[in-house]
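A look at the structure
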Amino acid sequence: MVRREKNLQEGQQRSVRRCPFVASAEVTELSSGTLLSGRTSEIGLGGCYVDSLNPFPEGTHVKLKILRDQGVFETKARVAYCDARFGMGLAFTDMTRDQLSVLEAWLTEIVSQLRPVS
């Protein structure tokens, strides 16, 4: 996590916190149709991190598909930052209400598992 935080430029901070989240991901570059397979390691309402050996460059517009046992999440995104050795941080764009509901359900599940039981 520390390594990824250093990739954000000074003054750039996420507006929404990300949670640990491992799932299969498919990232398709919108202009060329090039498809990368990877896996998520973090996710939040505003974006996610995708581990990939050949990430797309910063600024690339993509379609993201995250596959998980409990469903599929799809949205358009922009590569906010990348590290050629590890992967890329994606900022979600043009998310539909249905897809937002899927994401919110996943995040609710994750957060409920992280909270200590009293």
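Summary of the structure given here.

Cut-offs and rules
The numbering scheme is per chain: residues are counted from 1 as the chain's sequence reads. Only residues with pLDDT of at least 70 are given local features in this predicted model, and only at 80 or more are side-chain atom pairs given and counted; all residues enter the totals for whole chains, interfaces and linings. To obtain the side-chain values, all non-hydrogen atoms of the structure were used and water was disregarded. Helix and strand assignments come from DSSP, with helices taken as H or I runs of at least 4 residues and strands as E runs of at least 2, each series counted from the N terminus. Only protein chains enter the calculation, and the probe is 1.4 Å; a residue is then buried if its accessible area is under 20% of its type maximum, exposed if over 50%, and partly exposed in between. The criterion used for residue contact is that any of the two residues' heavy atoms lie within 4.5 Å. Under the convention used here, a 1.4 Å probe and the Shrake-Rupley method define accessible areas, while residue burial counts only the protein chains that appear. Only buried residues count toward a nonpolar core. Its members are Ala, Val, Leu, Ile, Met, Phe, Trp, Tyr and Cys residues joined through side-chain atoms within 4.5 Å. Any Phe, Tyr or Trp ring, taking Trp's six-membered ring, that has another such ring centre within 6.5 Å forms a pair; planes under 30 degrees apart are called stacked, those over 60 apart edge-to-face, and the others tilted. Consider the ring centre and the ring normal. A charge sits over the ring if Lys NZ or Arg CZ is within 6 Å of that centre and within 35 degrees of that normal.

**Here's the deal with the overall build of the chain**
Looking only at helices and strands, the chain features two helices and six strands. Out of the 118 residues in the chain, the part that is buried amounts to 38%. Sequence separation of 24 or more characterises 55% of the internal contacts of the chain that already satisfy a separation of 6 or more. For the chain, the accessible area works out to roughly 7300 Å², and carbon and sulfur atoms hold 50% of it.

**Here we look at the nonpolar core**
Of all hydrophobic cores here, the largest spans 23 residues; its most connected members are Ile-43, Leu-64, Ile-66 and Leu-90. Within the residue set of this core, elements represented by two or more residues are strand 1 (19-29), strand 2 (35-43), strand 3 (47-51), strand 4 (61-68), strand 5 (71-83), strand 6 (87-93) and helix 2 (97-114). A per-element tally of this core places strand 1 first, with five residues.

**Structural notes on the packing of aromatic side chains**
Under the definition given, this model contains four aromatic pairs. Taken together, the aromatic side chains of Phe-21, Phe-73, Phe-92 and Trp-106 make up a single cluster linked through ring pairs. Directly above the ring of Trp-106 sits Arg-68, whose terminal nitrogen or CZ lies 5.5 Å from the centroid.

**Digging into the environment of Val-27**
Among the secondary structure elements, Val-27 is positioned in strand 1. Among residues more than four places away in sequence, those in contact with Val-27 are Thr-34, Leu-35, Leu-36, Val-50, Phe-56, Val-62, Lys-63, Leu-64, Met-88 and Leu-90.

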